[in-house]
Amino acid sequence: MTYTKELIKMTTVYDIYSFIEDLAPYRLQEGYDNSGLNVGEMSAEVRSVLVALDCTAEVAREACQRDFDLVLTHHPVIFRGLKTLVPNDPAVILAAGGKNALSMHTNFDSAEGGMNDVLCKMLGLKPESALHEEHGVGCGYVCKCDGMNVRELAQRAKDVLGCRVVRFSGGEREIRRVGVCSGSGGSFLDDAAEKGCQALLTGDVKHDVFIDGENMGVSVIDAGHFYTENIFCEFIANELKNKFSDLRVEIAVSNRDIVEVI
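For the structure given in this document, a descriptive report is provided here.

The rules behind the values
- Residues numbered from 1 in each chain as written.
- Predicted model: local features only at pLDDT ≥ 70, side-chain atom pairs only at ≥ 80, totals over all residues.
- Heavy atoms only, no water.
- Pairing = 2+ DSSP bridges.
- Helix = DSSP H or I, 4+ residues; strand = E, 2+ residues; numbered from the N terminus.
- Axes fitted to C-alpha atoms, helices over the stretch in contact; angles between N-to-C directions.
- Contact = heavy atoms within 4.5 Å.
- Salt bridge = Lys/Arg side-chain N within 4 Å of Asp/Glu carboxyl O.
- Buried < 20%, exposed > 50% of the residue type's maximum accessible area, 1.4 Å probe, protein only.
- Phe/Tyr/Trp six-rings, centres within 6.5 Å; stacked < 30°, edge-to-face > 60°.
- Parallel < 35°, antiparallel > 145°, perpendicular 65-115°, else oblique.
- Nonpolar A, V, L, I, M, F, W, Y, C, P; charged D, E, K, R; others polar.
- Left-handed = near helix turned anticlockwise from the far one by under 90°.

### Considering the sheet that holds strand β2 (residues 48-52)
Strand order in the open sheet formed by five strands is β1-β4-β3-β2-β11, with mixed pairing between adjacent strands. Both outer strands of the open sheet, β1 (36-39) and β11 (248-251), are each paired with one neighbouring strand and no more. Neighbour-to-neighbour, the strand axes of this sheet turn through a mean angle of 25°, independent of strand direction. Both β2 and strand β3 (residues 70-73) contribute to a ladder of four bridges, which runs parallel. Looking across to β3, one finds that A52 is bridged to T73. The strands touched by helix α1 (residues 13-23) within the sheet are β1, β3 and β4 (100-103), with β4 carrying the most contacts at an inclination of about 5°. On the sheet, helix α2 (residues 57-65) packs against β2 and β3 and is oriented at approximately 165° with respect to β2.

### Re the environment of E174
Structurally, the position occupied by E174 is in strand β8 (residues 174-184). For the pair E174 and V150, spaced 24 residues apart in sequence, the C-alpha to C-alpha distance is 6.5 Å. Beyond its immediate chain neighbours, meaning those up to four positions away, E174 contacts M148, N149 and Q198.

### Examining the pattern of salt bridges
Pairs may arise between side chains of opposite charge once their charged atoms sit close together. Going through the model one piece at a time under the given rule, you end up with 12 salt bridges. Notably, a salt bridge pairs R66 with E62, separated by 2.8 Å at the nearest N-O pair. Taking relative accessible area as the criterion, R66 reaches 30% and is therefore assigned partly exposed. The class for E62 is buried, based on a relative accessible area of 7%. Here D257 makes a salt bridge to R164, at a shortest N to O gap of 2.9 Å. Note that D257 is positioned in the segment after β11 and R164 in the loop between α6 (150-161) and β7 (167-168), a separation of 93 residues in sequence. Because the salt bridges share partners, they merge into one network encompassing E62, R66, R248 and E250.

### Considerations on the packing of aromatic side chains
All told, the structure shown has seven aromatic pairs when counted by the stated rule. With centroids separated by 5.6 Å and ring planes inclined at 75°, the aromatic side chains of F108 and F232 adopt a geometry described as edge-to-face. Of this pair, F108 sits in helix α4 (residues 106-110) while F232 sits in helix α10 (residues 231-243); the two residues are 124 residues apart in sequence, bridging distant segments of the chain. There is no split in this pair, since F108 and F232 are both buried. Taking 5.1 Å as the distance between ring centres and 80° as the angle between the ring planes, the aromatic pair formed by F226 and Y227 counts as edge-to-face.

### Concerning the side chain of T106
Its place among the elements puts T106 in helix α4. Classification of T106 as buried rests on a relative accessible area of 5%. Not counting the four nearest positions on each side in its chain, T106 is found in contact with L28, Q29, E30, Y32, D33 and S35.

### Points about the packing of helix α5 (residues 115-123) against α6
At their nearest, the axes of α5 and α6 sit 9 Å apart, and the two run at 110° to each other. As judged from the angle between their axes, α5 and α6 are roughly perpendicular. Residues L119, M122 and L123 of α5 form the contact with α6, whose own contacting residues are R156, A157, V160 and L161. A breakdown of the residues in the contact of α5 with α6 according to their chemical character gives six nonpolar, no polar and one charged.

### Quick word on the sheet that holds strand β10 (residues 219-222)
The sheet built from six strands is open, its strands ordered β5-β6-β8-β9-β10-β7 with mixed pairing. The sheet is open, and its two edges are formed by β5 (126-134) and β7, each paired on a single side. Relative to β10, β7 runs antiparallel, the two being bridged by two bridges. For F168, the partnering residue across the bridge sits in β10 and is I221.

### Describing the packing of α1 against α10
Axes are the key here: two packed helices are described by the angle between their axes and the distance separating the axes. Closest axis-to-axis distance for the α1/α10 pair is 12 Å, and the angle between their directions is 115°. Once α1 is placed against α10, the crossing between them reads as right-handed. Two secondary-structure elements touch here, α1 through I16, F19 and L23 and α10 through F235, I236, E239, L240 and K243. Taken together, the residues that form the contact of α1 with α10 break down as six nonpolar, no polar and two charged.

Here it is as structure tokens:
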């Protein structure tokens, strides 16, 4: 009697990397970025993926304790060069636990259908053109926004993104066009003004940007870095589930905004 053994192809880190490459090509990442493989090896088998915005030490420990093979984050686990390896560093925790880590940062920010497309869709805004372009790569969008003032858009952002706090200026200003950039886009204020926007919605806005915006007649809405980008988690988890039906994919229980407000 002859037995035939069905060969089942295992999913590897490289398979996930290639999937990301199709979704948000790594060539789109900024020169300062470190998206891609941060910990582990491309040939490693992946049966489970833990998704988070940031790989904190808490997320890294969760991956080890709950036996996830791969951590997939927006912000790189290793962003700047490591000169010392300490036990509580997330990359060290993952490496010691035999885990892998991939990130998709500025490549996802700039990709068509990426972070800013997801953000605009959630806010009910339709992109018209790029807010900022550098080396032929766009970042953020200019969107048409009729029949709404700044306060109303700030409230919408708070509601749909789950923000605990939204800071804004010039709340009664009517908006016809708004610049939208996830994360930290305060440096694109000049772009928003030059493109006829009455408001810029982003996160991590410094005091001087609010002042400059007021002098330009452009309101600024700061919905927070975490909240304008945490939308990454649900989006990419769903994409992975659709592409790799054999994988266990979950958003980290420890994925949270660590900043507290009173």
